[in-house]
Amino acid sequence: MDADEFINDALAQMFLQIHAQFGDAVKSYWFNDSGVCPGCGRQVGPVKHKGKDAISLNAFIYRKPGVLIGYFLCQRCMKEVFRTAKRTPGQQGPRHDAIEANLIAAYRQHMSALDS
Ligand SMILES: [Zn+2]
């Protein structure tokens, strides 16, 4: 299994779980494969987790069209999001808001590219 297949598989699994939980609130899924971190615009590469290369697949539900969007963060943003989540559980910080806004923009761009 190569990395792309792995990601697709992981995202499909996640989609199935979320679909089972939320039903038709999620209708499809999409992976943001731009290679750019939606938090800060840097390139995303392998992240280190406990000293090992790791893939950190994140996802959020873009509610309006009901799309589960999968994405990678760079190491820095990932750490920041984790830190914020620890400090204020259940609330997302400004970085997270920016990430979601950027992902929504990327998704819309992707969809309009399909239309034309
Ligand atoms: Zn970043």
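Residues numbered from 1 in each chain as written. Predicted model: local features only at pLDDT ≥ 70, side-chain atom pairs only at ≥ 80, totals over all residues. Heavy atoms only, no water.

Peer 1: Which residues make up the environment of Gly 23, and what values go with them?
Peer 2: Summarising the element assignment, Gly 23 is placed in the loop between helix H1 (3–22) and strand E1 (28–31). Here Gly 23 falls in the partly exposed class, since its relative accessible area comes to 24%. Gly 23 sits 91 residues away from Leu 114 along the chain, and the two C-alpha atoms are 26 Å apart. (Helix = DSSP H or I, 4+ residues; strand = E, 2+ residues; numbered from the N terminus. Buried < 20%, exposed > 50% of the residue type's maximum accessible area, 1.4 Å probe, protein only.)

Peer 1: For the pattern of salt bridges, give the residues involved together with the corresponding values.
Peer 2: This structure, assessed with the given rule, holds one salt bridge. The shortest N-O distance in the salt bridge between Glu 80 and Arg 95 comes to 3.2 Å. Of this pair, Glu 80 sits in helix H2 (residues 75–87) while Arg 95 sits in helix H3 (residues 94–115), placing them 15 residues apart in sequence. By relative accessible area, which is 26% here, Glu 80 ends up partly exposed. (Salt bridge = Lys/Arg side-chain N within 4 Å of Asp/Glu carboxyl O.)

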